[in-house]
Amino acid sequence: MQSVNIAGMKQDQKKIIETLQRLEVMDIKQLDSQEDEKSKKLSSEILQEKESIKKDLDISNDALEILKSHATISEPFVLVGRQTMTKQSYENYEKENLQQDLSLAVELIEAGKKVKENINKISQLYAKVEAVKPWEKLNVPLDFSGTQTTSFYLANIQGQKTKQEVDKIIQAKLDEENETIYFETTVVSSLDVLTYITVTCLKQDEEKLLSALRASGFVRVIFTEDVTSSKLIENSLASIQQLKQQNDDIINSQIISKSSEIDRLRLLNDYEKMRND
């Protein structure tokens, strides 16, 4: 008589037992607690090992992609396939080269992350430049809110409008509310889609004027930068150039410079694939 240990999912226990009974298995019993613990420990170790292999495989794949995306790499002929690896060379690689090649892959991934981070920062800076560009002729800081006695706002409205048209729209809304308020507007710029204006009024009339602006279709624009638009654009463009230069340096010194190590990464990738199979 032979005995066989079977491991399976708990939810499948009933189906497995019924199948064994149909196969006329003589005796079915669960593992005792000691054997069960050993089985659980072994399953946990196997799972951890597979997760470790998957992680290392992902690292090697990512490193290869980063290197290929920035350096000119000649791909081996597709039919060549994996390198032949004897048991001895497999064991030697694990002892002598595995950690070094993993470190190389991690360095490439870190460099690739830094390049991506800088690209995101560049995109954000370009977006900021576009947002403040309509206010480039404004000669006060973007966060300027007025003086001790006056309030100052930035706003925009749909379509192209002249100062006279802007004043007429605001005054019409004030007249509807029977409000008499002194205000001054300036058209900073006017594009096909929007007209960008500044509005000044006495502090005591602030809420009434803001209400009239909202009711007239104006949208208040708020910035937190304490510099003029032109200065912010200048600073942002300078930062963009610095980030681009930083990326060039990273790509050249930390990625392209390692293109000669491509075979190490391919071997690492093959090794992890074999472990994963």
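The sections below set out a description of the structure shown in this document. What you see is a predicted model, and the numbers here were worked out from it, not measured in a lab.

Turning our attention to the overall build of the protein chain. Tallying secondary structure elements over the protein chain gives eight helices and four strands in all. For the protein chain, the sequential pattern of α-helices and β-strands runs α-α-α-α-β-α-β-β-α-β-α-α. Burial analysis of the protein chain (277 residues in total) assigns 32% to the buried set. The contacts of the protein chain with a sequence gap of at least 6 include a subset with a gap of at least 24, amounting to 79%. Total accessible area on the protein chain is roughly 18900 Å²; 51% of this is exposed by carbon and sulfur atoms.

As a further point, take the nonpolar core. In this structure, L67, I255 and L265 are the most contacted members of the largest nonpolar core, which totals 23 residues. At eight residues, helix α4 (residues 98-132) tops the list of elements feeding residues into this core. For I255, the contacting residues outside a window of four places in its chain are I66, L67, H70, L108, A111, G112, V115 and I250. In terms of nonpolar packing, the next biggest core, distinct from the first, is built from 16 residues, Y153, V166, L174 and L209 among them.

Glancing now at the pattern of salt bridges. Under the definition given, this model contains 12 salt bridges. One network of salt bridges, in which partners are shared, links D101, E261 and R264.

This part takes up the packing of aromatic side chains. Between two aromatic rings, the relevant description is the distance of the centres plus the angle of the planes. As enumerated under the stated definition, the model contains three aromatic pairs in all. Plain terms: the ring middles of W135 and Y196 are 5.4 Å apart, the flat faces sit at 80° to each other, and that makes the pair edge-to-face. Of this pair, W135 sits in the loop between α4 and β1 (150-158) while Y196 sits in strand β3 (residues 194-202), placing them 61 residues apart in sequence.

Okay, the environment of K161 next. Looking at where K161 falls in the secondary structure, it is placed in the loop between β1 and α5 (163-176). When its relative accessible area of 22% is taken as the criterion, K161 is described as partly exposed. Through-space distance from the C-alpha of K161 to that of T195 is 6.0 Å; in sequence the pair is 34 residues apart. When sequence neighbours within four positions are dropped, the list of residues in contact with K161 reads V166, I169, V187, S190 and T195. A distance of 2.9 Å separates the side chain of K161 from the backbone oxygen of Q158, its partner in a polar contact.

The next subject is the packing of α4 against helix α8 (residues 262-276). At a minimum axis separation of 10 Å, α4 and α8 run at an interaxial angle of 110°. As summarised for this structure, α4 and α8 are arranged roughly perpendicular, according to the angle between their axes. For the crossing formed where α4 meets α8, the hand is left-handed. Residues L98, Q100, D101, L102, L104, A105 and L108 of α4 touch α8, and the partners they reach there are R264, L265, L268, Y271 and E272. Classifying every residue of the contact of α4 with α8 by side-chain character gives eight nonpolar, one polar and three charged.

Criteria and cut-off values
Residues numbered from 1 in each chain as written. Predicted model: local features only at pLDDT ≥ 70, side-chain atom pairs only at ≥ 80, totals over all residues. Heavy atoms only, no water. Helix = DSSP H or I, 4+ residues; strand = E, 2+ residues; numbered from the N terminus. Buried < 20%, exposed > 50% of the residue type's maximum accessible area, 1.4 Å probe, protein only. Contact = heavy atoms within 4.5 Å. Areas by Shrake-Rupley, 256 points an atom, 1.4 Å probe, with all protein chains shown as cover. Core = buried A, V, L, I, M, F, W, Y, C linked by side-chain atoms within 4.5 Å. Salt bridge = Lys/Arg side-chain N within 4 Å of Asp/Glu carboxyl O. Phe/Tyr/Trp six-rings, centres within 6.5 Å; stacked < 30°, edge-to-face > 60°. Polar contact = N/O pair within 3.5 Å; in protein donor to acceptor, adjacent residues only side chain to side chain. Axes fitted to C-alpha atoms, helices over the stretch in contact; angles between N-to-C directions. Parallel < 35°, antiparallel > 145°, perpendicular 65-115°, else oblique. Left-handed = near helix turned anticlockwise from the far one by under 90°. Nonpolar A, V, L, I, M, F, W, Y, C, P; charged D, E, K, R; others polar.

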